[in-house]
Amino acid sequence: MTDALKRLSDEGVAIWLDDLSRKRITSGNLAELIDQSHVVGVTTNPAIFQKAISGGEGYEQQLTDLATRKVTVEEALRMITTADVRDAADILRPVYDRTDGQDGRVSIEVDPRLAHNTPATVAEAKQLAWLVDRPNTLIKIPATKAGLPAITEVIGKGISVNVTLIFSLERYREVMDAYLAGLEKAKAAGLDLSLIHSVASFFVSRVDSEIDKRLDAVGTDEAKALKGKAALANARLAYEAYEEVFASERWAALERVGANKQRALWASTGVKDPAYKDTLYVDDLVAPNTVNTMPEATLEATADHGQITGDTVRGTYEQARAELDAVAKLGISYDDVVQLLEDEGVEKFEASWNDLLKSTEAELERLAPTEA
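Analysis parameters
- Residues numbered from 1 in each chain as written.
- Predicted model: local features only at pLDDT ≥ 70, side-chain atom pairs only at ≥ 80, totals over all residues.
- Heavy atoms only, no water.
- Pairing = 2+ DSSP bridges.
- Helix = DSSP H or I, 4+ residues; strand = E, 2+ residues; numbered from the N terminus.
- Axes fitted to C-alpha atoms, helices over the stretch in contact; angles between N-to-C directions.
- Contact = heavy atoms within 4.5 Å.
- 1 Å grid on protein atoms, 1.4 Å probe; cavity = no way out; pocket = protein on both sides within 12 Å on 5 of 7 lines; lining within 4 Å.
- Points joined across faces, edges and corners; volume = space filled by probe spheres on them.
- Nonpolar A, V, L, I, M, F, W, Y, C, P; charged D, E, K, R; others polar.
- Salt bridge = Lys/Arg side-chain N within 4 Å of Asp/Glu carboxyl O.
- Buried < 20%, exposed > 50% of the residue type's maximum accessible area, 1.4 Å probe, protein only.
- Phe/Tyr/Trp six-rings, centres within 6.5 Å; stacked < 30°, edge-to-face > 60°.
- Polar contact = N/O pair within 3.5 Å; in protein donor to acceptor, adjacent residues only side chain to side chain.
- Expected span 1.5 Å × (residues − 1).
- UniProt positions renumbered as here; feature names shortened; annotations may be inferred.

Draft legend 1. Examining the sheet that holds strand β6 (residues 198-203) more closely. Ordered in space as β1-β2-β3-β4-β5-β6-β7-β8, the eight strands form a closed barrel in which the pairing is parallel. Averaged over neighbouring strand pairs, the angle between their axes works out to 30° when direction is ignored. As paired elements, strand β1 (residues 13-17) and strand β2 (residues 39-42) share three bridges and run parallel to each other. Its bridge partner lying in β2, W16 is registered against G41. In this fold helix α15 (residues 296-305) packs onto β1, β2 and β8 (290-294), with an angle of close to 110° to the strand it touches most, β8.

Draft legend 2. Layout of empty space enclosed by the protein. Overall, the coordinates contain two cavities of 30 Å³ or more when judged by the stated rule. In this model, the largest cavity occupies a volume close to 50 Å³. W16, Q102, R105, L138, H197, S198, V199, K261 and R263 together form the lining of the largest cavity. For the lining of the largest cavity, the class distribution of residues is three nonpolar, three polar and three charged. Estimates place the volume of the second largest cavity at around 30 Å³. Grouping the constituent residues of the lining of the second largest cavity by class yields six nonpolar, no polar and one charged.

Draft legend 3. How the structure looks around the pattern of salt bridges. For the structure shown, the criterion picks out 31 salt bridges. R69 is paired through a salt bridge with E75; the nearest N and O atoms lie 3.6 Å apart. Given a relative accessible area of 54%, R69 falls into the exposed group. The salt bridge partner of E210 is R214, with a shortest N-O separation of 2.8 Å. Of this pair, E210 and R214 both sit in helix α10 (residues 205-218), four residues apart, roughly one helical turn. Classification of E210 by relative accessible area gives buried; the value is 8%. Connected through shared salt-bridge partners, K145, R171, E174 and E342 make up one network.

Draft legend 4. Focus on the packing of aromatic side chains. Counting across every chain of the model gives six aromatic pairs. When the ring of F202 is compared with that of W266, the centres are 6.5 Å apart and the planes differ by 90°; the resulting orientation is edge-to-face. Residue F202 is found in strand β6, and its partner W266 is found in strand β7 (residues 263-267); the two are separated by 64 residues along the sequence. Judged by relative accessible area, which is 0%, W266 ranks as buried. Both rings, one in Y239 and one in Y242, keep their centres 5.1 Å apart while their planes meet at 35°; by these two values the pair is tilted. Of this pair, Y239 and Y242 both sit in helix α12 (residues 230-245), separated by three residues, roughly a single helical turn. Look at Y242 and you get buried, because its relative accessible area is 5%.

Draft legend 5. Seen up close, the environment of V110. Looking at where V110 falls in the secondary structure, it is placed in the loop between β3 (105-109) and α7 (118-132). In this structure V110 comes out as buried when scored by relative accessible area, which is 1%. Counting along the chain gives 65 residues from V110 to N45, while the straight-line C-alpha distance between them is 9.1 Å. With residues near it in sequence (within four places) discarded, V110 still touches R78, T121, E124, A125, L128, I139, K140, I141 and P142.

Draft legend 6. Representation of the side chain of T43 in the model. Summarising the element assignment, T43 is placed in the loop between β2 and α4 (46-55). Taking relative accessible area as the criterion, T43 reaches 2% and is therefore assigned buried. Within the local environment of T43, its side chain forms a polar contact with the side chain of D18, the two groups lying 2.9 Å apart. Among the polar contacts made by the side chain of T43, one reaches the side chain of T293 at a distance of 2.6 Å. If near-sequence neighbours (up to four positions away) are discounted, T43 is found in contact with W16, L17, D18, D19, I48, S107, K140, N162 and T293.

Draft legend 7. Structural view of helix α16 (residues 317-329). The terminal C-alpha atoms of α16 lie 18 Å apart, and with 13 residues this matches the ideal 18 Å at 1.5 Å per residue to within 8%. In this structure, the buried side of α16 is in contact with α10, α12 and α17 (334-367). At the C-terminal side of α16, G331 shows a positive phi close to 90°.

Draft legend 8. Structural detail: the environment of A301. By the secondary structure assignment, A301 is in helix α15. Take A301: its relative accessible area is 7%, and that puts it in the buried class. With 19 residues separating them in the primary sequence, A301 and V282 have C-alpha atoms 10.0 Å apart. Contact partners of A301, with chain neighbours within four places excluded, come to D278, T279 and G306.

Draft legend 9. Fine view of the UniProt feature "active site" (unreviewed entry) in the protein chain. Mapped onto this numbering, the UniProt entry annotates "active site" (unreviewed entry) at K140. The topology assignment puts K140 in strand β4 (residues 137-142). In this structure K140 comes out as buried when scored by relative accessible area, which is 5%. With sequence-adjacent residues up to four places away left out, K140 is seen in contact with T43, T44, N45, S107, I108, E109, V110, N162 and T164.

The structure is reproduced here in structure tokens:
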């Protein structure tokens, strides 16, 4: 059942699960996925926590305690989410130890309402790292313009980071630059660079969703023939950029003192168009030293019928450029698409966070002890 997942791992793709809940932790399901499905990391985001906590299972005792203590809803939410991340990190600790810190990672996101506030993002990242207090945590920071200096600052303090919501090739290069600048700050501060890790979460399926919609509006045979190609092309050119940056002399100087490469992480790899094969963004994004973070349905589909045929990224760069150029020639603006997706990504996470605050507040009120 997991031969395809093993082949994927053998090709240098780390398999991370894009989901976390208390039930998954306490039932033994997470440990089972690590043991049987080659899962070596977990990512979370506000939407995932919103789904888990609103479902309620496993959270009632902690919510009751928090209600009794009369904590604020923001504090309650952080106590709940960091508890899940801490427990998941403990389950993944053997993987972290076995891979010298590269995998065995659990990600937790800064409050998405801070996406355009650099100092607040830095302060929140430091607080989250302190609250979780596990070496195998990654703090997720969005790749907004305000997020870039925050990434440098947080990496410079020795905190490992998962940079999220990357859609454009230009922004991805800025993210890698922010990471290297952070490592240079950490080096100047005398920190051990070998203990600092980072991934850059490059989003995939949403690019096809938006560009396909615009191709449908164009409506020509040429436009229809380009559907389902832009997201893979974009991600493959991101890997080309990764290869360039981590072959530079600037990087070599950091590597000589123990620094780790910032791996490209393929995010949003669940296929949204049922016309496409459900393992599209796994089978066709195989490259060394990458991460693919999958929703459980995609993980199961890959295990069942994934077609892992070796490296499907290197050697495709000219074709990828031609495909994106062809989309542009039809009047579809790449810059407009990726900016829209970033804006929507921040808005969606913020909406999920606000929903989560509301449902948590309702639970605290329901469980609050009645005054004598």
